[in-house]
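# Chains, contacts and geometry: an overview
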Amino acid sequence: MTDLPPAPIAAQRPHSYGAHGQELSDPWAWLRDPGYPKVEDPDVLAYLKAENAYFDAAMKPHAALADTLFAEMRGRMKEDEASVPQKDGDWLYWWAFQPGAQYRQWFRRPVAGGETRLIVDELAEAADRDYFRLGALAISPDGRLAALMVDDDGSERFKLKVRDLETGADIETITDQGIGAPVWTADSRGVVFTEVNEHWRSYRARLHRLGTPTADDRTLYEESDKGFSVGVGPSQDRSTIIIATGDNTTSEVRLLPADAPEAAPLLVAARLKDRIYSVDVSHGRLWVLTNDDHINFRLAEADPASPGEWRTVIAGSDRVYLRGVSAFARHLAITERVDGLDQIRLRTYAGDEHRIAFPEPSYSAGLASNPEYDPPAYRLSYSSLVTPDTDYDYDPDRRELTVLKVREVPSGYDPGHYASERLLVAARDGRQVPGSVVYRRGFPRGGAGKVFLYGYGAYGHAIPPRFGTARLSLLDRGYAYAIAHIRGGDDLGYGWYLDGKAEKRWNTFTDFVDVAKGLVAEGFAQPGQIAIQGGSAGGELMGVVANTDPDLWGAVVADVPFVDVLNTMLDESLPLTPGEWPEWGNPITDPAAFDLIRSYSPYENVAAKPYPPMLITGGLNDPRVTYWEPAKWAARLRATKTDDNPLLLKINMGAGHGGKSGRFDSLRETAEAFAFVLTRMGEGDAATA
């Protein structure tokens, strides 16, 4: 990159902050536009545009490689991809892409036969827009109307529109501050939805009656705790609208009859700190999944007349982690993990039960869309590191899986050319941390290879061993692709999550480093030949390990990284901060939390030493990780690090947390990231074969 113009240098302006008698300097605080969520400050915009121009200039010499990677990835994508039709009442519903289209079209046709009708054309709705996302599509019980949630700038403030499916006309816009999926009332004349406030917190559930002024909408529940968020959903039998509120560790549920939404909601059980529970309804009973007496949850039932009295149906287990329950007419469908492996258990209401058998020893599986209460078969999704995404129907009477669709790879894919392993790596405290690895057969062991390692490790969100077509471009160039199943996720149970949060947060970071060292010990690579990637809280992970172990990494890709942790957790005016305190700790009130977060927060811990090549991304409209976090981090790295390795910052000026919205635009960003990694890991632009 010797021919590049000078990298943008963000000015340093004196600013300090602190708490508990400690003060820290933050000379790039000015990159937060005081008018946020509007970003109009000319100095801020000039800096972000300069960084984007520098990114373009730095990647220009590698455009051919990026183009090659993009062509490969697109060639593995079925241009006219379509979902398997799913029955819901009198209709079959599915989506499909037209060849070359960035967005889906949604269709339906009568089960009894008849004309196929286009009901939502995302392609047309996204025309002339830089960003488009259909957040939800809910069909009314009578099948005549659809409620759509649409985001056209990446801010995740959705417009809730009601569409007449016969005419295709939008007949009402209920709110432009919606979030989540709306729920129809039983008479198809009302919609229950949630809204966000000025701090982007989902704080209330409301009822809108069609044909009435939105000013008359009734608030069904409003949450006063600024750390809690509200969501709504239907019970599986659609008799009940479920209103749930909570943060990352505590929940509370209310139930509302779908045929009497003006009734007072029924409180199932008042919130108790650190107790999580969820509810479904079937056969006149409440089915409650809760962690109240076991860390891995138990399943209980209750009478709606005494909803807080829970009788155990399936006890908690150290080995079996209960994750979800759907109460169908004939079975309770329980999603769980046993020794870290996905399982689906079907249990009749008489107590007979069995687990669905899958064909591989390591995989990811779960319930797919099952809108009906009493389907003849259950729709399942399945994947592994070497098996493409597969849709099954499972017949519970015959106990047979029927393959409906296997994701097609048009350019060709032979699973026999690839192998996968699951490793157990001893962490520095003695815990065994899993790692999943996939590679092309013939991969050189003994340290001559290269590894692309992915990690997340937060919020109890596991990274399962799923198939991915984009990564084949790395595997076919001699890389192994690995996933670190580190603490902070719930890969090995809810306790695995708790052991990586708040005061135990350092376990997440050291686990990731220890998995990388385990890959070295197993002969997959040498130090410096491991590229790493993570996004959001996984971007925080990237920032920490870049600070602690820079020599391990050949390249770092940090997407929308949560790296200004201390500043953010000290500012309760920001969208998510109060609800995040249970996850990270509250440094405003707790000196120990302040010290802990300060010890790892990537922005505060940048030091004068060499760093690996780094690619950092962000989104101007991102409400989850605000754009100034990656911008400030990049500015401090530039001013502090002692190497001449490339540091690139790309801010999507018209998108949010998920990057660009079109399927090809998103793929282009993946190709750019892979091109960056390949060129920085010693492959050069010859890595196109």
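Preceding this section is the structure that the text describes.
Every value quoted in this text rests on a predicted model; they were computed, and no experiment measured them. (Residues numbered from 1 in each chain as written. Predicted model: local features only at pLDDT ≥ 70, side-chain atom pairs only at ≥ 80, totals over all residues. Heavy atoms only, no water.)

Okay, the pairing of strand β36 (residues 614–619) next. Among the six residues that make up β36, six are buried, leaving the element largely enclosed by the rest of the structure. Residues Met614, Ile616 and Gly618 of β36 are buried on one face, and the alternating residues Leu615, Thr617 and Gly619, pointing to the opposite face, are buried as well. Judged from the four bridges that link them, strand β35 (residues 553–559) and β36 form a sheet pairing that is parallel. In the sheet register, Ala558 faces β36, and the bridge partner there is Ile616. Sheet topology note: the β36/strand β37 (residues 647–652) ladder contains six bridges and is parallel. Opposite Met614, over in β37, you have Leu647 as the bridge partner. Handedness of the β36-helix α11 (residues 628–640)-β37 crossover: right-handed. (Buried < 20%, exposed > 50% of the residue type's maximum accessible area, 1.4 Å probe, protein only. Helix = DSSP H or I, 4+ residues; strand = E, 2+ residues; numbered from the N terminus. Pairing = 2+ DSSP bridges. Right-handed = clockwise from strand over helix to strand, strands pointing away.)

With that out of the way, let us pick up the sheet that holds strand β27 (residues 378–383). Here four strands make up an open sheet; going across it, the order is β26-β27-β28-β29 and the pairing antiparallel. Looking at the sheet topology across the chains shown, the edges are occupied by β26 (364–367) and β29 (400–406). Strand-to-strand twist in this sheet, taken as the mean axis angle between neighbours without regard to direction, amounts to 30°. With four bridges joining them, β26 and β27 adopt antiparallel strand pairing. If you follow Ser364 over to β27, its bridge partner there is Ser383. (Axes fitted to C-alpha atoms, helices over the stretch in contact; angles between N-to-C directions.)

Looking now at the packing of helix α6 (residues 506–521) against helix α7 (residues 537–548). At a minimum axis distance of 10 Å, the contact between α6 and α7 shows a crossing angle of 65°. Here α6 lies roughly perpendicular to α7, going by the angle between them. You can see that α6 and α7 cross each other, and the crossing is right-handed. Across the interface between the two elements, Trp506, Thr508, Phe509, Phe512 and Val513 of α6 pack against Glu540, Leu541, Met542, Val544, Val545 and Thr548 of α7. (Parallel < 35°, antiparallel > 145°, perpendicular 65-115°, else oblique. Left-handed = near helix turned anticlockwise from the far one by under 90°. Contact = heavy atoms within 4.5 Å.)

We now examine the sheet that holds strand β15 (residues 240–246). Within a sheet, adjacent strands bond to each other through the backbone by hydrogen bonds, running parallel or antiparallel. Taken in spatial order, the four strands make up an open sheet running β14-β15-β16-β17, and their pairing is antiparallel. Edge positions in the sheet fall to β14 (229–234) and β17 (266–269), since each of these pairs with one other strand and no more. When the angles between neighbouring strand axes are averaged without regard to direction, this sheet yields 25°. Direction of pairing for strand β16 (residues 251–257) relative to β17: antiparallel, over a ladder of three bridges. Counterpart to Val253 in the pairing with β17 is Ala269.

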